[in-house]
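# What the coordinates show
Now for the letters of each chain:
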Amino acid sequence: MLTDAEIEAILISLRVAGVAVAWILLPGIAVAWLMARHEFRGKALLDGLLHLPLVLPPVVVGYLLLVSLGSRGLLGTWLNEWWGVRLPFTWQGAAVAGGVMAFPLLVRALRLSLEAVDPRLEAAASTLGAGRWRVFATITLPLTLPGLLTGGVLAFARALSEFGATITFASNIPGETRTLPLALYSLIQTPGGEAAVARLCALSVVIAMISLVASEWLARRARVRLQGRDA
């Protein structure tokens, strides 16, 4: 049986991962559209910046968030003074860290789906009088649904498993920012915590497998529905 502290860590992880995906969803769609449909100077540089969280040590990402969104950071000072928002050492900050680390996965899945959409379908809708936003909402977005579902689930799983950026930016506060990976880290350093570590490790594997299977199942189901609609 799981202890109250372990259940609390799981619930915090689910909340953090859910909020992380929620706040990166619209920016992810916009950036994926920009990268898939437009050519511009500096596109390669932007593509590199988008993928930096995948190759940088997560602690570096967390430190950069702390410098920029901390109480003395440029954005952090503005958020605190004007809006009363304080992100470091809060579960909302953990959601920001998880979202930043998951953002490249979401954008990449969406970008690949957008690149696979036949532009002639959008052009045909435009010639029939549909505006740009209506074409996107009724043609483009439904056709990219498999990529959106896959990217969303993978981003959720990535935010759920984030450790380095979270502990650097949001710390490891019980009941506030102690997510499942941080709870594991704490238990590993606790004498006699081997049984709890084994339970949480098994649970982490189960959650990860459910996420991957759900991602594949949702994407396949969306493709079947789209093919049935086309037929």
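Quick notes on the rules
- Residues numbered from 1 in each chain as written.
- Predicted model: local features only at pLDDT ≥ 70, side-chain atom pairs only at ≥ 80, totals over all residues.
- Heavy atoms only, no water.
- Helix = DSSP H or I, 4+ residues; strand = E, 2+ residues; numbered from the N terminus.
- Buried < 20%, exposed > 50% of the residue type's maximum accessible area, 1.4 Å probe, protein only.
- Polar contact = N/O pair within 3.5 Å; in protein donor to acceptor, adjacent residues only side chain to side chain.
- Contact = heavy atoms within 4.5 Å.
- Phe/Tyr/Trp six-rings, centres within 6.5 Å; stacked < 30°, edge-to-face > 60°.
- Lys NZ or Arg CZ within 6 Å of the ring centre and 35° of its normal.

### Topic: the overall build of the chain
Scanning the chain for helices and strands turns up 11 helices and zero strands. Ordered by position from N to C terminus, the α and β elements of the chain give α-α-α-α-α-α-α-α-α-α-α. Across its three principal directions, the C-alpha atoms of the chain cover 70 × 40 × 30 Å. Relative to its 231 residues, the chain shows a buried fraction of 40%.

### A look at the side chain of Asn172
Within the secondary structure, Asn172 is located in the loop between helix H9 (164-169) and helix H10 (180-188). The exposure class assigned to Asn172 is buried, which follows from its relative accessible area of 18%. Among the polar contacts listed, one links the side chain of Asn172 to the side chain of Ser186, at a separation of 2.8 Å. Residues within four places of Asn172 in sequence aside, it is in contact with Ile167, Thr177, Arg178, Leu182, Tyr185 and Ser186.

### Looking at the side chain of Thr168
Here Thr168 is to be found in helix H9. At a separation of 2.8 Å, a polar atom in the side chain of Thr168 contacts the main-chain carbonyl oxygen of Gly164. The contacts of Thr168, once residues within four sequence positions are left out, are Val59, Gly62, Tyr63 and Leu66.

### Considering the packing of aromatic side chains
Going through the model one piece at a time under the given rule, you end up with three aromatic pairs. Ring geometry for Trp33 and Phe136: centres 5.4 Å apart, planes at 90°, overall edge-to-face. One end of the pair, Trp33, is in helix H1 (residues 4-37); the other, Phe136, is in helix H7 (residues 132-143), and 103 residues separate them in sequence. On the basis of relative accessibility, which here comes to 18%, the residue Phe136 falls in the buried class. Here the basic side chain of Arg15 rests over the ring of Trp91, its NZ or CZ set 4.3 Å away from the ring centre.

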